[in-house]
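# Breakdown of the fold
Each chain, letter by letter, is given below.
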Amino acid sequence: MTEHTVEFVGRDESITVSETETILSRCLEEGIAQEYSCRVGMCLACTAEIVEGEVTQPAARGFTEAEAENYALTCMARPQSDVKLDRGKYPPSIDEDVAAEAGAGDAAADD
């Protein structure tokens, strides 16, 4: 079984993950506080930007193909090499949606 190191940028945390397990499952086993919700690749709560390395995540339905090249859903992602991830980073399309929702809430609060 091939194992790879997954390092979390900006934090003093790294784990060893086999190619047959998800990054999230190993985080939970190791006591690393990785956000998640649905665990089926849809909610995007566990998103991390791929800074370095490669993952496979064929069931990550929450991303477009282009987004899946640069971002990982840790609940679906399995490392294919040593990986560096920046947790809590979302694709621009997701960030725009969050900003729009926040703006709508601010407008309602101003009324």
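Up top is the structure.
Now for a quick tour of the structure. (Residues numbered from 1 in each chain as written. Predicted model: local features only at pLDDT ≥ 70, side-chain atom pairs only at ≥ 80, totals over all residues. Heavy atoms only, no water.)

### Considerations on the overall build of the chain
Threshold: We count a stretch as a helix when DSSP gives it H or I for four or more residues in a row; a strand needs E for two or more, and each element gets its number in order from the N terminus. Residue exposure (1.4 Å probe, protein chains only): buried if accessible area is under 20% of the type maximum, exposed if over 50%, otherwise partly exposed. Two residues form a contact once any of their heavy atoms are found within 4.5 Å. Here the Shrake-Rupley method, with its probe set to 1.4 Å, supplies the accessible areas, and only the displayed protein chains count as covering residues.
Helix and strand counts for the chain come out as three helices and seven strands. Reading the secondary structure of the chain in the N-to-C direction produces β-β-α-β-β-α-β-β-β-α. Burial statistics for the chain: of 111 residues in total, 36% are counted as buried. Long-range contacts, defined as pairs at least 24 residues apart, comprise 53% of the intrachain contacts of the chain with a sequence gap of at least 6. As presented, the chain carries roughly 6,400 Å² of accessible surface, and 44% of it is formed by carbon and sulfur atoms.

### Considering the sheet that holds strand β1 (residues 3-8)
Going by this rule: Two strands make a pair as long as DSSP finds a minimum of two bridges between them. Note on geometry: axes are lines fitted to C-alpha atoms, helical ones only across the stretch in contact, with angles between N-to-C directions running from 0 to 180 degrees.
Taken in spatial order, the five strands make up an open sheet running β2-β1-β7-β3-β5, and their pairing is mixed. Each edge of the open sheet is held by one strand with a lone partner, namely β2 (13-18) and β5 (71-73). Within this sheet the neighbouring strands show an average axis-to-axis angle of 35°, counted without direction. For strand β3 (residues 47-52) and β5, the ladder comprises three bridges, and the chain directions are antiparallel. From the neighbouring strand, Glu49 faces β5, where its bridge partner is Tyr71. The strands touched by helix α1 (residues 23-30) within the sheet are β1, β2 and β7 (83-87), with β2 carrying the most contacts at an inclination of about 125°.

### Observations concerning the pattern of salt bridges
Pairing between side chains becomes possible if they bear opposite charge and their charged atoms approach one another. Quick reminder of the rule: One speaks of a salt bridge when a side-chain nitrogen belonging to Lys or Arg is within 4 Å of a carboxyl oxygen belonging to Asp or Glu.
Tallying each qualifying case throughout the model produces four salt bridges. For Glu21, the salt bridge identified is with Arg26, shortest N-O distance 3.0 Å. The residues Glu21 and Arg26 share a single accessibility class, namely buried. Across the pair Arg26 and Glu29 runs a salt bridge, and its minimum N-O distance is 3.1 Å.

### Some points on the packing of aromatic side chains
Worth spelling out the cut-off: Each pair of aromatic rings taken from Phe, Tyr and Trp, with Trp reduced to its six-membered ring, is defined by centres within 6.5 Å and is described as stacked if the planes are under 30 degrees apart, edge-to-face if over 60, and tilted in the remaining cases. Consider the ring centre and the ring normal. A charge sits over the ring if Lys NZ or Arg CZ is within 6 Å of that centre and within 35 degrees of that normal.
Applying the stated rule across the entire model yields one aromatic pair. Ring plane angle 55° and centroid distance 6.4 Å describe the contact between Phe63 and Tyr71, whose orientation is recorded as tilted. In this structure Phe63 comes out as buried when scored by relative accessible area, which is 10%. In this structure Tyr71 comes out as buried when scored by relative accessible area, which is 11%. Positioned over the ring face of Tyr36 is Arg39, at 5.4 Å from the centre of the ring. Over the aromatic face of Phe8 sits the side chain of Arg87, whose NZ or CZ is 4.5 Å from the ring centroid.

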